[in-house]
Amino acid sequence: SHGGMSICHVEDVAAAHVTALTKGKSGERYIVAGENLTIKECFTELAHAAGNEPPAYCLPTAGIYLLAYIGEAIS
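These numbers were taken from a predicted model, which means no experiment stands behind them.

Engineer: Break down the overall build of the chain for me, with residues and values.
Structural biologist: Regarding its fold elements, the chain presents three helices and two strands. When its helices and strands are written in sequence order, the chain yields β-α-β-α-α. Relative to its length of 75 residues, the chain is extended, with a C-alpha radius of gyration of 17 Å against a globular reference of 11 Å. The principal-axis extents of the C-alpha atoms in the chain amount to approximately 45 × 35 × 25 Å. When each of the 75 residues of the chain is scored for burial, the buried share is 7%. Put simply, of all contacts in the chain between residues at least 6 apart along the chain, 68% involve residues at least 24 apart. In the form shown here, the chain has an accessible surface area of approximately 6,600 Å², with 60% of it arising from carbon and sulfur atoms. Each charge class in the chain can be summarised by its mean position, and for the 4 positive and 8 negative side chains these summaries are 13 Å apart.

Engineer: Quick rundown of the environment of C42? Include the residues and the values.
Structural biologist: Mapped onto the fold, C42 is located in helix α2 (residues 39–49). Measuring from C-alpha to C-alpha, the distance between C42 and M5 comes to 8.0 Å, with 37 residues separating the pair along the chain. Apart from the residues within four sequence positions on either side, C42 is in contact with M5, I7 and L37.

Engineer: Run through a nonpolar patch on the surface, naming residues and quoting values.
Structural biologist: A contiguous nonpolar patch, built from L59, L66, L67, Y69, I70 and I74 and spanning about 670 Å² of accessible area, is present on the exposed surface. Within the fold, L59 resides in the loop between α2 and α3 (61–74). A relative accessible area of 40% means that L59 is categorised as partly exposed.

Engineer: Account for the environment of A49, naming residues and giving values.
Structural biologist: The topology assignment puts A49 in helix α2. The class for A49 is exposed, based on a relative accessible area of 71%. In this structure, the C-alpha to C-alpha distance between A49 and P60, residues 11 residues apart in sequence, is 23 Å.

Rules used in this analysis
- Residues numbered from 1 in each chain as written.
- Predicted model: local features only at pLDDT ≥ 70, side-chain atom pairs only at ≥ 80, totals over all residues.
- Heavy atoms only, no water.
- Helix = DSSP H or I, 4+ residues; strand = E, 2+ residues; numbered from the N terminus.
- Rg over C-alpha atoms; globule rule 2.2 N^0.38 Å.
- Buried < 20%, exposed > 50% of the residue type's maximum accessible area, 1.4 Å probe, protein only.
- Contact = heavy atoms within 4.5 Å.
- Areas by Shrake-Rupley, 256 points an atom, 1.4 Å probe, with all protein chains shown as cover.
- Lys, Arg positive; Asp, Glu negative; His and termini not counted.
- Charge placed at Lys NZ, Arg CZ, Asp CG, Glu CD.
- Patch = residues over 30% accessible without salt bridge, like charges linked within 9 Å, V, L, I, M, F, W, Y side chains within 5 Å.
- Salt bridge = Lys/Arg side-chain N within 4 Å of Asp/Glu carboxyl O.

Structure follows, in structure tokens:
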């Protein structure tokens, strides 16, 4: 697995909240999802949005999980 996440534009998330508040049913759950990106694609998009070049490398999935585990243990 390459890992990844779903990325949504903030305006889409805000519109989904308004729709849920005005048309949703009490006790229901709603999922807001966008484009699915790998970790590498996500960092590339973030770098471009910030006007920078994307990183030349990306940690392997195992390295990302290790860092997440260590961060969780510290917190």
